[in-house]
Amino acid sequence: EGRKPYSEMSNEELEALERKLKAEYKKIQGLGLELNMSRGKPCVEQLDLSMGMMDVLSSDSDLRCEDGTDCRNYGVLTGIPEALELMGDMMEVPYDHLIIYGNSSLNVMYDQISRSYSHGVMGNTPWCKLDKVKFLCVVPGYDRHFRITEYFGIENVCVPMLETGPDMDMVEELVSSDESIKGIWCVPKYSNPTGNSYSDETVRRFARLKPAAKDFRIYWDNAYTIHHLYDHDQDHLIEILAECKRAGNPDLVYKFASTSKVCFPGSGIAAMATSLNNLEDVKQQLKVQTIGHDKVNQLRHVRFFKDIHGMVEHMRKHADILRPKFEMVEKICEEELGGLGIAKWTNPKGGYFISFDTMDGCAKEVVRKCAKAGVVLTPAGATYPGGVDPHDANIRIAPSFPPLNDLKTATELLCLATKYVACTKILEQRRAEA
Ligand code: PMP
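As the structure is a prediction and not an experimental result, all values here were calculated from the model.

Draft legend 1. Examining the overall build of the protein more closely. When helices and strands are tallied, the protein shows 13 helices and 13 strands. C-alpha atoms of the protein, sized along the principal axes, occupy 75 × 55 × 35 Å. Taken over 434 residues, the protein has a buried fraction of 46%.

See below:
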């Protein structure tokens, strides 16, 4: 079939190609595959890297932390000092600017929205008393973010993700003119799902926003802050809290992170970093909600990683497992689809995802064809609020979980389905025009 773009092929060429691809697809369908590339979960080998966490505490361990607090008992609302230091280093913020929570950062984000909804942000009107509340969603983005705001009846407004981050012209225009816009969901580094990071210019513009709403906040979910694939070729992000402070906007941002994809997802520790004013506001509610989070787990994390250097070294082991998987997906995509003009994909330097775009109007059918051949992908549309991608083009690829061989098979099928569906689509379009 060569490297001729599909759009330059004659109808006869496309029809012949469609027959060939259909036959190939039928053959793969007969293999009885059962693979899943739908969620960004670490694989077994990655989880094995953290088994030492099970050994650092035992029945004869001293469970007092640095300041003498007995971690077996109640107390300490915002986190033990050594865990604050570790998470502060991971999140690049001073240790007194964060709160350590429980096992999930998504949970922290939910609480943040929930509290704003029921009680308001720093004395502002609770969102539940307003006629209209809107949130900006960078798309394609993380489905679980969008579901939180959707759950509270907040209107999700899409802002496109560009190479440099969100379309900042649009963000500035919307945020400065509409008081009902109360926040924006951001994954600034190795973004879910595009894998790219916000440029310096984008971060600077974020820090200098002039929101119409006094209670507007940037929800800066830095979930992949230390999740590099390469030792030397890494993305760097301007630290947003400090940049906001420099810009005279200290209270503009809530920053989130967790150790979910550092050790055991679901059994990690999560944290939020923000200005001292915001922290005070949050603590008023937090002290009603809990006496304190799991300090034994905090201690376990610190005793296992020791310090940020230990954590960074640990992430290199993750990278050694993940890198070949990402590179394999990218290589197969290039070999199978490069130059055909029917698909685009990202080549991230970190994080957990590759974003894959079919021709407009093809993603749902590609995902359906893969499913019918035994490969489950993230549903098309999942990267948009309400699960609706207006272009029906985006598919999130999660290469981390399947073993290399399965990943190879799954990616080959994805490419085949993409070609097959594109062929049919172009022929359909030509018939409709004729
Ligand atoms: N934020 C992003 C961007 C994620 O991709 C994920 C997990 N896939 C989470 C948050 C969830 O984090 P946690 O386990 O800390 O709730």
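Draft legend 2. View of the pairing of strand β9 (residues 270-273). Burial along β9 is two-sided: the residues Ala270 and Met272 and Ala271 and Ala273 are all buried. Sheet topology note: the strand β2 (residues 98-100)/β9 ladder contains three bridges and is antiparallel. Residue pairing in the sheet places Ile99 in a bridge with Met272 of β9. By the bridge criterion, four bridges tie strand β8 (residues 253-258) to β9 in an arrangement that is antiparallel. When the sheet's bridge partners are listed, Phe256 is paired in β9 with Met272.

Draft legend 3. Seen up close, the pairing of strand β6 (residues 181-186). For β6, the tally of buried residues reaches six of six residues, placing the bulk of the element in the interior. Where strand β3 (residues 134-139) and β6 come together, four bridges link them in parallel fashion. From the neighbouring strand, Cys137 faces β6, where its bridge partner is Trp185.

Draft legend 4. Representation of the nonpolar core within the structure. Counting 122 residues, the largest nonpolar core has Met87, Leu98 and Ala271 as its most contacted members. Counting residues per element, this core draws most heavily on helix α13 (residues 404-433), which supplies twelve residues. Built from parts of two domains, this core gets at least three residues from each of domain 1 (6-46 + 312-433) and domain 2 (63-305). When near neighbours in sequence (up to four residues on either side) are disregarded, Met87 contacts Leu98, Ile100, Ile269 and Ala271.

Draft legend 5. Region of interest: the packing of helix α12 (residues 363-372) against α13. Packing of α12 against α13 leaves a shortest axis separation of 9 Å and a crossing angle of 130°. On the basis of the axis angle, α12 is oblique to α13. Note on packing geometry: the crossing formed by α12 with α13 is right-handed. Contacts between α12 and α13 involve Glu365, Val366, Lys369 and Cys370 on the former and, on the latter, Leu413, Leu414, Ala417, Thr418, Tyr420 and Val421. In terms of residue class, the contact of α12 with α13 is built from seven nonpolar, one polar and two charged.

Draft legend 6. Expanded view of the sheet that holds β6. The eight strands lie next to each other as β2-β9-β8-β7-β6-β3-β4-β5, forming an open sheet whose pairing is mixed. Each edge of the open sheet is held by one strand with a lone partner, namely β2 and β5 (165-166).

Draft legend 7. Local environment of the UniProt feature "coiled-coil region" (unreviewed entry) in the protein. UniProt annotation of "coiled-coil region" (unreviewed entry) refers to residues 7-34 when read in the numbering used here. The annotated region residues 7-34 carries 68% helix and 0% strand content, and the separation between its end C-alpha atoms amounts to 33 Å.

Draft legend 8. Structural view of the domain arrangement of the protein. Assigned domains within the protein: domain 1 (6-46 + 312-433) and domain 2 (63-305). Inter-centroid distance (C-alpha atoms) of domain 1 to domain 2 is 31 Å. Taken together, the contacts link 26 residues of domain 1 with 30 residues of domain 2. Taken together, the elements giving at least two residues each to the side of domain 1 that touches domain 2 come down to α11 (308-337), β11 (354-358) and β13 (394-397). A per-element tally of the side of domain 1 that touches domain 2 places α11 first, with eight residues. Its residues assigned to classes, the side of domain 1 that touches domain 2 shows 13 nonpolar, eight polar and five charged.

Draft legend 9. The site of the ligand, seen in detail. In the vicinity of the ligand there are 13 residues, among which Ser104, Ser105, Leu106, Ser258 and Ser260 approach most closely. Of the residues in the shell around the ligand, the class split is six nonpolar, six polar and one charged.

Draft legend 10. Looking closely at helix α9 (residues 276-289). For α9, built from 14 residues, the straight-helix expectation of 20 Å at 1.5 Å per residue is met to within 8% by its first-to-last C-alpha distance of 19 Å. Approximately 30° is the largest bend angle found in α9, and it occurs at Lys283. Within the span of α9, buried status applies to Asn278, Asp281 and Val282.

Draft legend 11. Quick peek at the packing of α11 against α13. Axis separation between α11 and α13 bottoms out at 10 Å; the angle between their running directions is 30°. By the criterion of interaxial angle, the relationship of α11 to α13 is roughly parallel. Of the two elements, α11 crosses α13, and the hand of that crossing is right-handed. Listed contacts from α13 to Pro324, Lys325, Met328, Val329, Ile332, Cys333, Glu336 and Leu337 of α11 are Leu404, Leu407, Lys408, Thr411, Glu412, Cys415 and Thr418. Split by residue class, the contact of α11 with α13 holds nine nonpolar, two polar and four charged.

So, how was this worked out
- Position numbers for residues count from 1 along each chain, tracking the sequence in the order it is written.
- Given that the model is predicted, a residue must reach a pLDDT of at least 70 before its local features are reported, and side-chain atom pairs must reach 80 or more before they are shown or counted; all residues, however, enter totals for whole chains, interfaces and linings.
- Only runs of H or I of at least four residues qualify as helices and only runs of E of at least two qualify as strands under DSSP, and these elements are numbered from the N terminus.
- For every residue, the other C-beta atoms within 10 Å of its own C-beta are counted; 20 or more classify it as buried, 12 or fewer as exposed, and values in between as partly exposed. C-beta atoms are placed from the backbone.
- Strand pairing requires that DSSP identify at least two bridges connecting the strands.
- We define the nonpolar core as any set of buried residues of the types Ala, Val, Leu, Ile, Met, Phe, Trp, Tyr and Cys, connected via C-beta atoms lying within 7 Å of each other.
- Each domain's extent is set by a domain assignment, obtained either automatically or from a database.
- Contact between two residues is assigned when their C-beta atoms, built from the backbone, lie within 7 Å.
- Angles run from 0 to 180 degrees between N-to-C directions of axes, and those axes are lines fitted to C-alpha atoms, restricted for helices to the stretch in contact.
- For classification purposes, angles smaller than 35 degrees are called roughly parallel, those larger than 145 roughly antiparallel, those between 65 and 115 roughly perpendicular, and all remaining angles oblique.
- Left-handed describes a crossing whose near helix is turned anticlockwise from the far helix by less than a right angle; the clockwise case is right-handed.
- Amino acid classes used here: Ala, Val, Leu, Ile, Met, Phe, Trp, Tyr, Cys and Pro are nonpolar; Asp, Glu, Lys and Arg are charged; the rest, including Gly, are polar.
- UniProt positions are given in the numbering used here, feature names are shortened, and annotations may be inferred rather than shown by experiment.
- By convention here, the C-beta atom is placed from the backbone, and a residue is near a molecule or strand when that atom is within 6 Å of it.
- In this analysis, the expected span of each helix is defined as 1.5 Å times one less than the number of residues it contains.
- Bend at a given residue is defined as the angle between two axes, one fitted to the seven residues that end at that position and one fitted to the seven that begin there.

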